[in-house]
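Close look at the chain arrangement
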Amino acid sequence: MHIMEGYLPWQWCVFWYIVSAPFIIYGIYLLNKQVKERRETLSLLAVSGAFIFLLSSLKMPSPVVGSCSHPTGTGLSTVLFGPIITAVLSVIVLIFQALFMAHGGITTLGANVFSMGIAGPLLGYAVYRLGKAVNLNIFVNVFLVTAVADLFTYVITSIELAAAFPAAHGGFMVSWMTFFAIYAVTQVPLAILEGVLIALVFKYIIQSRGDILVKLGVLSQEQVNRIMGSFS
């Protein structure tokens, strides 16, 4: 989904920077607060950032000119720390990738951050909260959060591209449907695989650091004990 350097018109580059900026500013505040109040969560923050970096670096060629297809890796951070902190982790990853891997770009950073680091995690978090409200199995919930965050990232990327490059016949809607239909060919199976992977990683976190999940409010101690009991 990384839109390459110089691909978007400058007006849209500025627009997406402006839209993304408040989320990043607030996210930096929340991240600093998290680190000061719960330093024991630093390891999970590092793991969450590493997954965003690793999975979003698995770039696959895409027929969509000026972009690519790949997992996003934001599901784990969304479940553990929420969508706003995930936005900060994502912008750090995207800046590094733009500067050192020629993956994405600085002019298109605002658009890439909004789709991968903000919009996808926000919808994923809404799914997570709904899953908790109806007592959905935690591993199913993590799977759905991850898959939805992945797919919605590409819905938004398609909107960004369609807004900048509307079709000559049919305008924005035709352009958006075309972009997303192309992305869906690779992204639907990638979202499913990513969901399975993150659910398995989450299982390992419960086994190794269930205490931190309780402190973060992701699970209750009773849930951790019940899940651990099912493993034995």
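A brief structural summary. The structure presented is a predicted model; accordingly, all values stated were derived computationally and were not measured.

Rules used throughout
- Residues numbered from 1 in each chain as written.
- Predicted model: local features only at pLDDT ≥ 70, side-chain atom pairs only at ≥ 80, totals over all residues.
- Heavy atoms only, no water.
- Helix = DSSP H or I, 4+ residues; strand = E, 2+ residues; numbered from the N terminus.
- Rg over C-alpha atoms; globule rule 2.2 N^0.38 Å.
- Buried < 20%, exposed > 50% of the residue type's maximum accessible area, 1.4 Å probe, protein only.
- Contact = heavy atoms within 4.5 Å.
- Areas by Shrake-Rupley, 256 points an atom, 1.4 Å probe, with all protein chains shown as cover.
- Lys, Arg positive; Asp, Glu negative; His and termini not counted.
- Charge placed at Lys NZ, Arg CZ, Asp CG, Glu CD.
- Patch = residues over 30% accessible without salt bridge, like charges linked within 9 Å, V, L, I, M, F, W, Y side chains within 5 Å.
- Salt bridge = Lys/Arg side-chain N within 4 Å of Asp/Glu carboxyl O.
- Core = buried A, V, L, I, M, F, W, Y, C linked by side-chain atoms within 4.5 Å.

1. Here's the deal with the overall build of the protein
From N to C terminus, the protein includes 8 helices and 0 strands. Starting at the N terminus and ending at the C terminus, the protein contains elements arranged as α-α-α-α-α-α-α-α. For a compact globule of 232 residues, the expected C-alpha radius of gyration is about 17 Å, and the protein comes in at 18 Å, within 12% of that figure. By principal-axis analysis of the C-alpha atoms, the protein measures approximately 60 × 35 × 30 Å. Split into buried and exposed, the 232 residues of the protein put 50% on the buried side. Sequence-distant contacts in the protein: of pairs separated by 6 or more residues, those separated by 24 or more amount to 75%. When the accessible surface of the protein is summed, it comes to about 10500 Å², and 72% of that surface belongs to carbon and sulfur atoms. Of the side-chain charges in the protein, 11 are positive and 8 negative, and the distance between the mean point of each set is 8 Å.

2. Quick word on a nonpolar patch on the surface
A contiguous nonpolar surface patch, about 810 Å² in accessible area, is contributed by Tyr17, Phe53, Leu54, Ile95, Phe96, Leu99, Phe100, Met101 and Ile106. Of all the secondary structure elements, the ones that give two or more residues to the nonpolar patch are α2 (42-56) and α4 (83-100). Among the elements that line the nonpolar patch, the one with the most residues is α4, at 4 residues. Tracing the chain through its elements places isoleucine 106 in the loop between α4 and α5 (109-133). Under the relative-accessibility criterion, isoleucine 106 is labelled partly exposed at 36%.

3. Considering the side chain of glutamine 34
Mapping glutamine 34 onto the fold places it in helix α1 (residues 10-37). Beyond its immediate stretch of four places on either side in the chain, glutamine 34 contacts Arg39, Thr41, Leu45, Phe81, Ile85 and Leu216.

4. Focus on the nonpolar core
Core analysis: the largest hydrophobic core is formed by 55 residues, its most contacted members being Leu80, Phe202, Leu213, Val218 and Leu219. Of all elements in the fold, only α1, α2, α3 (75-81), α4, α5, α6 (138-164), α7 (171-216) and α8 (221-231) reach the threshold of two or more residues within this core. Take this core: its biggest share by element is 11 residues, from α7. In this view, valine 218 contacts Val79, Leu80, Tyr128, Lys132, Phe202, Leu213 and Gln223; residues no more than four positions away in its chain are not counted.

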